[in-house]
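Below, each chain spelled out in residue letters.
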Amino acid sequence: MFELTVDSDARVRGTFVLAPGMHAVVGASGAGKTSLFRLIAGLDRSHNLMARWGGQSLSTLPPHSRSTAFVPQRPSLVPHRTIAQQVKWVAIDHTGPWNEWIDILDLGRHWLRYPAELSGGEQQRAALLRALAADREILLLDEALSQIDPPHRLIIYRQLKTRLEPQRLLMFSTHHWSEAETFAEAMLFINDGEISGPVNILEATPSNSAMAAIMGYVGSIPTPHGFLLIHPRMISLEDAAKSGFVIPGKGRQRRISPTTSAYQFEPLPPAKGRLLWTGTPVPDRESFDDIVVTHPVFADFQFEDGNGIDSQVM
Amino acid sequence: MKRTALFFSAFVLALLFMPVLVLLLHARSMPQLLESASSIRAIEITLTSGLAALAIDIFLGMPLAWVLARVLRPRWGRIWVTLLLIPLLMPPLVLGLVLAYVVGPASPFGNLVSLLNTFPGLVLAQVYESLPFFVLTAWGYLSAIPMTLEEDVWVLGKHPWQAFWFVIWPIARSGFAVAAAMAWARIVGAFGAPIIVAYHPSALPVAIWIQLEELGLPSALGLAVWLVIVTLPLPVWLNWRFSRVRVDR
């Protein structure tokens, strides 16, 4: 178990307990994800920090004595050492299965190069390899794969998940909700330094507007049960979708690519505003009268999306 | 623009090399000087005392520069710079007078072992003239090395000492090399303090002064050329050996 409590005077506040496994730290840029990781890794100190791993306190240990390996988002390789030199240097005393990662991360041909000779994504892969070679029980990835192209990033996440030993903890931060929901078991959410969670990804519903925005919700409609949160994947235009919450109004669809349509929907009064989203094209539905929200999620806060598609798309 | 800059640089270089040229033109006494035992002795003393002083500078200055650049809070940096500037600004002659008082028979310490006109006294005077230059130069280099270079390997389980040798030392040593070259230039040229503390054994600057007083300018200039010749190899080697290391990433 990993337990952490931190309050006031630190840049992040909150308390949580995480079981071993692969977990996501989700939040907008500047919300405090990096601050949280630096506290756990021991790079930033706070008198109000209590961190324990497996019953042992980490709070007072220097960074090198903690059971953590931390990979930041920015370049972190040693500039004047080749990839081989620094990975082997970090791996001394560790005979873990990190060798297999050289192929998984496709670093064989860069093995004898210096970091400056590598692209941003290649440097991030090398930094990940170096952290795996360190063989620590807790691995902290702070948007550490952000410069890797999406197909490779998904492969790496998948490998990290399947190869994670059951007693280990992997925390990765991201502002891509799809990565969190695909690869994490639980999620911590950080908004303006406030840590909430963890919540099981299967049951993750927004508890505030910031969380709803990151999770891809596009708006809310007031109902007698509270505010109905609307997610594009939960909207159906098909008549067949009988089960769900029907919202009357006027909508239009416009194809923007062979695989995607932009939608616009204005609910009838008393509901106000306009919902904008993109989704799978539905044939013969250039305009439609109502939408069905198939798996309604209700919240006690109103959510107006600031990040929806621009109305000019229509 | 580029032409102006080149012309300007050439002008400054010419200005810098003018004394060397004049020196070489008037250095006909050079070969004879090698037949004089006192000249040979002065060269020997310059090299031996200089190396001893440089070793002390490095021994004392490296840890101090490290602490100033990496351990103390950056906010206090300015206060420390100011404090270090005071010994730097002390006129060497005044430094020599103070040292002569401290290590001479007039003080309780000097009463026990007077260092006046001894080899250790000469080394002490050279150290006092050069140490601030070593520390300030090394400090400037060290503080330009980003803290994150170390942090990024601490968090992979590397002890700060391991991080220092693998990550920082290859970059820092070029800074220490430049600092050592600066200190060396200051040491072998030290005149103000040594002439008070250690007129004997005379290192080259004091020997040049004596030569000037006793035999006139041409002879003194010849000895000055020897000063340049015997002291040049060390800073040249330091620069060649340590000047380039890759720090971009």
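The next point concerns the overall build of chain A. Scanning chain A from N- to C-terminus turns up 7 helices and 18 strands. By its C-alpha atoms, chain A is 65 × 45 × 30 Å across when sized along the principal axes. Here chain A holds 314 residues, and 51% of them are scored as buried. Approximately 14,700 Å² of chain A is accessible, and the part contributed by carbon and sulfur atoms is 50%. Of the charged side chains in chain A, 29 are positive and 33 negative, and the gap between their average positions amounts to 5 Å.

Here we come to the sheet that holds strand β16 (residues 275-279) of chain A. Residue and element names in this part refer to chain A. Pairing in this open sheet of 5 strands is antiparallel, and the strands run β13-β17-β14-β15-β16 from one edge to the other. Because the sheet does not close on itself, it has two edges, and the strands there are β13 (235-236) and β16. By the bridge criterion, 5 bridges tie strand β15 (residues 260-267) to β16 in an arrangement that is antiparallel. Bridge pairing links Ala-262 to Thr-278 in β16.

Here we come to the interface of chain A and chain B. Across the boundary between the two partners, chain A contributes 29 residues, which contact 24 residues of chain B. A buried area of about 2,300 Å², summed over both sides, lies between chain A and chain B, and 66% of it is on carbon and sulfur atoms. The largest contributions to the chain A side of the interface with chain B come from His-64, His-80 and Trp-89 of chain A, which together make up 31% of the buried area. Inspection of the chain A/chain B interface yields 2 salt bridges. Between Arg-38 of chain A and Glu-151 of chain B there is a salt bridge, with its nearest N and O atoms 3.4 Å apart. Counting across the chain A and chain B interface gives 6 residue pairs in polar contact (both at pLDDT 80 or more). Breaking the side of chain A that touches chain B down by element, the ones donating at least two residues are α1 (33-41), β6 (68-71), α2 (83-91) and α4 (120-134) of chain A. The residue inventory of the side of chain A that touches chain B, partitioned by class, reads 17 nonpolar, 7 polar and 5 charged.

Residues and elements named next belong to chain A. Inspection of every chain in the model, using the stated rule, returns 18 aromatic pairs over all chains. Considering the side-chain rings of Phe-265 and Phe-288, the 6.2 Å spacing of their centres and the 10 degrees angle between planes classify their relative orientation as stacked. In this pair, Phe-265 is assigned in strand β15 and Phe-288 in strand β17 (residues 287-293), connecting sequence segments 23 residues apart. The same class applies to Phe-265 as to Phe-288, namely buried.

What follows covers unusual backbone geometry. Residues His-200 of chain B and Pro-201 of chain B are joined by a peptide bond in cis, for which omega reads -10 degrees. Looking at the element boundaries, Pro-201 of chain B is found in the loop between α10 (192-197) and α11 (204-215). Look at Asp-106 of chain A: it is not a glycine, yet its phi comes out positive at around 55 degrees. Here Asp-106 of chain A lies in the loop between α3 (99-104) and α4. Using a relative accessible area of 35% as the deciding quantity, one classes Asp-106 of chain A as partly exposed. One non-glycine residue, Asp-284 of chain A, lies in the positive phi region at around 55 degrees.

Take the environment of Gln-162 of chain B next. Within the secondary structure, Gln-162 of chain B is located in helix α9 (residues 160-188). Classification of Gln-162 of chain B as partly exposed rests on a relative accessible area of 36%. Considered as a pair, Gln-162 of chain B and Glu-150 of chain B are 12 residues apart in the sequence and their alpha carbons are 9.7 Å apart. In this structure Gln-162 of chain B touches Trp-89 of chain A together with Gly-157 of chain B, once residues within four positions along its chain are discounted. A distance of 2.8 Å separates a polar side-chain atom of Gln-162 of chain B from the backbone nitrogen of His-159 of chain B.

In this section: the sheet that holds strand β9 (residues 186-191) of chain A. Residue and element names in this part refer to chain A. The sheet built from 6 strands is open, its strands ordered β6-β7-β8-β3-β9-β10 with mixed pairing. Unpaired on one side and paired on the other, β6 and β10 (194-200) mark the two borders of the sheet. Taking the axes of each pair of neighbouring strands and ignoring which way they run, one obtains an average angle of 15 degrees across the sheet. In this sheet, β10 lies alongside β9 in antiparallel orientation, the contact comprising 5 bridges. From the neighbouring strand, Phe-189 faces β10, where its bridge partner is Ser-196. Taken strand by strand, α1 contacts β3 (21-26), β6, β7 (138-142), β8 (169-174), β9 and β10, and its axis lies near 155 degrees from that of β7. Packed on one face of the sheet, helix α5 (residues 150-163) meets β3, β7 and β8 and runs near 135 degrees to β3.

In this model, chain A carries a mean pLDDT of 87, and residues with pLDDT of at least 70 account for 95%. Segment residues 307-314 of chain A: pLDDT under 50, and 17 contacts once partners within four positions in sequence are set aside and those in other chains are kept.

So, on to the nonpolar core. Among the nonpolar cores identified, the biggest contains 139 residues, and Phe-2, Leu-36 and Met-171 of chain A are the most heavily contacted of them. When residues of this core are assigned to their parent elements, the largest contribution, 16 residues, is made by α9 of chain B. Taken domain by domain, the makeup of this core includes at least three residues from each of domain 1 (2-204) and domain 2 (216-313) of chain A. Residues contacting Phe-2 of chain A, with those up to four places away along its chain left out, are Phe-16, Val-17, Leu-18, Ile-40, Arg-52, Trp-53, Leu-58, Ile-138 and Leu-169 of chain A. Counting 16 residues, the second largest nonpolar core, distinct from the first, contains Ile-221, Leu-237, Ile-247 and Val-282 of chain A.

Residue and element names in this part refer to chain A. On strand β1 (residues 2-6), burial follows the alternation: Phe-2, Leu-4 and Val-6 on one face are buried, whereas Glu-3 and Thr-5 on the facing-out side are not. When β1 meets strand β4 (residues 49-53), the two strands line up antiparallel, connected through 5 bridges. When the bridges of β4 are listed, Glu-3 appears paired with Arg-52. Strand direction decides the pairing type here: β1 and strand β2 (residues 14-18), joined by 5 bridges, are antiparallel. Residue pairing in the sheet places Phe-2 in a bridge with Leu-18 of β2.

To continue, consider the pattern of salt bridges. Scanning the model with the defined rule gives 15 salt bridges over all chains in all. In this structure, Arg-38 of chain A engages Asp-44 of chain A in a salt bridge whose closest nitrogen and oxygen atoms are separated by 3.0 Å. A relative accessible area of 18% places Arg-38 of chain A in the buried class. Where salt bridges share partners, they join Arg-38 and Asp-44 of chain A together with Glu-151 of chain B into one cluster.

Moving on: helix α13 (residues 233-242) of chain B. Along α13 of chain B, the residues classified as buried are Pro-235, Leu-238 and Phe-242 of chain B. Buried residues of α13 of chain B fall within an arc of 65 degrees about the axis and therefore sit on the same side.

Rules behind the numbers
Residues numbered from 1 in each chain as written. Chains lettered and ligands numbered in written order. Predicted model: local features only at pLDDT ≥ 70, side-chain atom pairs only at ≥ 80, totals over all residues. Heavy atoms only, no water. Helix = DSSP H or I, 4+ residues; strand = E, 2+ residues; numbered from the N terminus. Buried < 20%, exposed > 50% of the residue type's maximum accessible area, 1.4 Å probe, protein only. Areas by Shrake-Rupley, 256 points an atom, 1.4 Å probe, with all protein chains shown as cover. Lys, Arg positive; Asp, Glu negative; His and termini not counted. Charge placed at Lys NZ, Arg CZ, Asp CG, Glu CD. Pairing = 2+ DSSP bridges. Contact = heavy atoms within 4.5 Å. Buried area = accessible area lost by both parts, 1.4 Å probe. Salt bridge = Lys/Arg side-chain N within 4 Å of Asp/Glu carboxyl O. Polar contact = N/O pair within 3.5 Å; in protein donor to acceptor, adjacent residues only side chain to side chain. Nonpolar A, V, L, I, M, F, W, Y, C, P; charged D, E, K, R; others polar. Phe/Tyr/Trp six-rings, centres within 6.5 Å; stacked < 30°, edge-to-face > 60°. Axes fitted to C-alpha atoms, helices over the stretch in contact; angles between N-to-C directions. pLDDT = per-residue confidence, 0-100. Core = buried A, V, L, I, M, F, W, Y, C linked by side-chain atoms within 4.5 Å. Domains from an automatic or database assignment. Arc of directions from axis to C-beta.

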